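Here's the letter readout for the chains.
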Amino acid sequence: MALTRKRSPKKGRNRRPVQLSAYQLGHIAGFQRGKEDGFQQGRADAVQARDSIPTSSKQQLVALVITAGIIPSLDIGIAQPFNELNKRGNFSFEIRTEDDVSKEIIAQAHTIVFLRNVEPAAYIYLEWAHELGKRTVYVIDDNFLEIEPITPVGVYYADPIRRETFIKFLRNSHIVKVDSSILGDYIQERFNRKVVYFPGSVDFDWLDQQEQREAETGQIVIGYEGGSKEEDFAVVVPALKRILNYYGGFVRLEFFGFVPAALANHSAVKFEECGMDYRSFIRKLNDSQWDIGLAPLEDHTFNNTKTNNKLREYSACRIAGIYSNTPVYEPWVTQGETGYLVPHTEKGWYEGIVAMIENPTMRRQIKDQAESAARQNFSLTTCLDNWNTLILNT
């Protein structure tokens, strides 16, 4: 499949390491523990799906997934479409972590799917797969070569051995599957011409089964869901403080998974940890009744190769999203119709939030049209068709 909207990634600027407070370090550690506990449910679901496959079909798996961990990318990008393919028949798969793989299990599968692997021990499995004549697919949703070593995660991926292993996966896998066309361009130009791009999906059946509730108060609720984003929120926090000061009790903020340290103790701010499987998460978001969803993203090379998760999720859950005007979101947003793009500055965010608060007609229009666009572009059926025709050939 041809990649769309070819763009040249912008060069990132040099930034000094972020100095985190004790509160922030403790919060990040707590968030990670909660996330790991929650996504253990994803592994349990995968094991249940594996064990439900009849013994006869276990002799030849369609796909073996070797994942770097039980992480959101596994739940969103692979387990969701693969479980649906399994329900529809003629598709069997197993999910294994890197410490639970043998040559025998690789021999049983037609296609070996690797997810975000960068450890040298995992690369051995790619070599085994090629020795056994298996098709290999490397699924990646972040550009680890452009992540700066200013956080513990950045330091991990900046390790020279892991960087080398990452490049070897990119170069030597038969197919590299990405969720971002810009990341696809980056990989094609440097490492591997066989790149497949298509966006992730939302299982709308999960959302359609929920009863829609009316808003409980007359307040405007502004929300954010996701992991730690102190850098991306640096220009948003002062804008939000101005909003809270100006609108008083008419506006409240809700954070799910992460809250900026500067807002953590504000009386108009509510915060909840994440720590749950993806189905529970998306249904919780769908039930949040947020009027406005925030998706800040600083404009630099690493961020610009990310996937558009926030847009998919806000749109599917009928939340009017405000997005930084970056290559991640710009191709998908019709201004004032399927979302609202703002310059990633304090002034840009303040004026954008004010525009959304003051124009309820626009908010309703965005909710309706964004949901319609999400059902058209990000349906599970479309995602399954792409996996079948572009990668699995089942």
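Residues numbered from 1 in each chain as written. Predicted model: local features only at pLDDT ≥ 70, side-chain atom pairs only at ≥ 80, totals over all residues. Heavy atoms only, no water.

## Concerning the overall build of the protein chain
Working step 1: Counting its regular elements, the protein chain contains 15 helices and 12 strands.
Working step 2: When burial is assessed residue by residue, the protein chain has 55% of its 394 residues classed as buried.
Working step 3: Contacts in the protein chain between residues far apart in sequence, at least 24 positions, make up 74% of those at least 6 positions apart.
Working step 4: If you sum the accessible surface of the protein chain, you get close to 17,300 Å²; carbon and sulfur atoms cover 47% of it. (Helix = DSSP H or I, 4+ residues; strand = E, 2+ residues; numbered from the N terminus. Buried < 20%, exposed > 50% of the residue type's maximum accessible area, 1.4 Å probe, protein only. Contact = heavy atoms within 4.5 Å. Areas by Shrake-Rupley, 256 points an atom, 1.4 Å probe, with all protein chains shown as cover.)

## A word on the packing of aromatic side chains
Working step 1: Scanning the entire structure with this criterion turns up 26 aromatic pairs.
Working step 2: Both rings, one in Phe82 and one in Trp387, keep their centres 5.0 Å apart while their planes meet at 75 degrees; by these two values the pair is edge-to-face. You can see Phe82 sitting in helix α2 (residues 72–88) and its partner Trp387 sitting in helix α15 (residues 380–392), a full 305 residues away along the chain.
Working step 3: Judged by its relative accessible area of 0%, Phe82 is buried. (Phe/Tyr/Trp six-rings, centres within 6.5 Å; stacked < 30°, edge-to-face > 60°.)

## What about the sheet that holds strand β9 (residues 269–272)?
Working step 1: Strand order in this open sheet of 6 strands is β9-β8-β7-β10-β11-β12, and the pairing throughout is parallel. Since the sheet does not close on itself, it has two edges, and those belong to β9 and β12 (340–342), each with one partner. Across the sheet, the mean angle from the axis of one strand to that of its neighbour is 25 degrees, orientation sign disregarded.
Working step 2: With respect to the sheet, helix α9 (residues 236–247) is in contact with β8 (251–256), β9 and β10 (292–295), its orientation differing from that of β8 by roughly 145 degrees. (Pairing = 2+ DSSP bridges. Axes fitted to C-alpha atoms, helices over the stretch in contact; angles between N-to-C directions.)

## Here's the deal with the confidence of the model for the protein chain
Working step 1: Here the protein chain averages 87 in pLDDT, and 84% of its residues register 70 or above.
Working step 2: A low-confidence stretch, residues 1–43 (pLDDT under 50), is modelled with 79 contacts involving residues beyond four sequence positions or located in other chains.
Working step 3: When the criterion is pLDDT under 50, residues 49–58 qualifies, and its contacts beyond four places in sequence or with other chains add up to 14 contacts. (pLDDT = per-residue confidence, 0-100.)

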